[in-house]
Amino acid sequence: MTQPPPDMPSSPEEYLAELQRQVFDGWEQGADFFDERWGDQGDEFHHGVFAPAAERMLGLEHGARVLELACGNGGFARRLGRQGIQVLATDLSPALIAHAERRTETISDQAVDVSYQVVDATAERQIVNCGGPFDAAVCIMGAMSMPALRPMFGGVWRVLKPRGIFVLITLHPSFATSGYRFAKSEEEDEPHGLTITRYLSRYVTHGVTNSQQKEPQIYFHRPLNELLADAFASGLVLDGMEELAAPEQPMAESRLMWNVLPEIPMAIALRFRRP
Ligand SMILES: C[S@@+](CC[C@H](N)C(=O)[O-])C[C@H]1O[C@@H](n2cnc3c(N)ncnc32)[C@H](O)[C@@H]1O
């Protein structure tokens, strides 16, 4: 019998664990770079598009208790905290959590009720151990880094109050994680659209989010029907959706080019409710 090469995973579980290790290494090793890039309030996409959409969809009141998954260096958690919302913000990367804590300690203008914890959102038990019940949960631009989503949906269902809300914002599966290329003729400096060559199957892809990144990040493409199937399997119900285009102003890292395609949503915001 032919033996697999030594570095080849021998089971689907081992393969998933190996992918998760690559995800962890990518964020952990890039933590200082990303912290500097995102600053206190997140990059142009985050504070210009994602955070306002998440706030609209969450519709939180003063004193609400929120669990954030994949919080990065805590920009959205601090934004909610400044509005009088209690936040437990969590992330896979201990180095990013350390940056989030440091940035939150230096808020001197007001008291914010924001705390942080290292949590792998692909481990349902770790989400459940965050306590609860929460009025809402939120995950902004983390899902495409997760090799499996069912544990997150299942964990969120278990920590939400009945009628509690989960807002998930992620790269748009139809456009931004599919096999897309920017469509551009030789005469054009900027793209006029996208060419999409594959969409319906799951696959692992790599992406560069900025020109200084040392290693490409690993991303998991899943078509929209599969993303939703994972949520519905947990019992969550979809009750809101927005499709989000990039801000039109030139971005610091303009090589990303989404800002010249205002008709193409590079992200999707989904609001689920626990019945
Ligand atoms: C693109 S960043 C988004 C950070 C932040 N939510 C924002 O919008 O600025 C993706 C984040 O997902 C985190 N992440 C990736 N896989 C994760 C997992 N399995 N559990 C929790 N966080 C994860 C990374 O560490 C990183 O902070």
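Only a predicted model underlies this, so the values are computations on that prediction, with no experimental measurement involved.

**Regarding the packing of helix 2 (residues 31-38) against helix 5 (residues 94-105)**
- Two elements in contact, helix 2 and helix 5, have axes separated by 9 Å at closest approach and are oriented at 35°. You can see that helix 2 and helix 5 cross each other, and the crossing is right-handed. For the pair formed by helix 2 and helix 5, the contact residues are Ala-31, Phe-34 and Asp-35 on the first element and Ala-95, Leu-96 and His-99 on the second.
- For the contact of helix 2 with helix 5, the per-class residue count stands at four nonpolar, one polar and one charged.

**Some thoughts on the site of the ligand**
- Around the ligand there are 23 residues in total, and Trp-27, Ala-70, Gly-72, Leu-92 and Ala-121 lie nearest to it.
- Looking at the shell around the ligand, the elements that each hand over two or more residues are helix 1 (12-29) and helix 3 (44-58).
- Looking at the shell around the ligand residue by residue, the classes come out as 13 nonpolar, eight polar and two charged.

**A closer look at helix 3**
- Taking 1.5 Å of rise per residue, the 15 residues of helix 3 would be expected to cover 21 Å, and the 20 Å separating its terminal C-alpha atoms lies within 8% of that figure.
- A bend of about 35° at Phe-50 is the largest found in helix 3, and the proline Pro-52 appears one to four places after it.
- For helix 3, the complete set of buried residues consists of Phe-45, His-46, Val-49, Phe-50, Ala-51, Ala-54, Met-57 and Leu-58.
- Turning to helix 3, the residues buried within the fold contact helix 2, helix 4 (75-81), strand 4 (134-140), strand 5 (160-171), strand 10 (237-244) and strand 11 (267-273).

About the thresholds
Residues numbered from 1 in each chain as written. Predicted model: local features only at pLDDT ≥ 70, side-chain atom pairs only at ≥ 80, totals over all residues. Axes fitted to C-alpha atoms, helices over the stretch in contact; angles between N-to-C directions. Helix = DSSP H or I, 4+ residues; strand = E, 2+ residues; numbered from the N terminus. Left-handed = near helix turned anticlockwise from the far one by under 90°. Contact = placed C-beta atoms within 7 Å. Nonpolar A, V, L, I, M, F, W, Y, C, P; charged D, E, K, R; others polar. Near = placed C-beta within 6 Å. Expected span 1.5 Å × (residues − 1). Bend = angle between axes of the 7 residues up to and from the residue. Buried ≥ 20, exposed ≤ 12 C-beta atoms within 10 Å, placed from the backbone.

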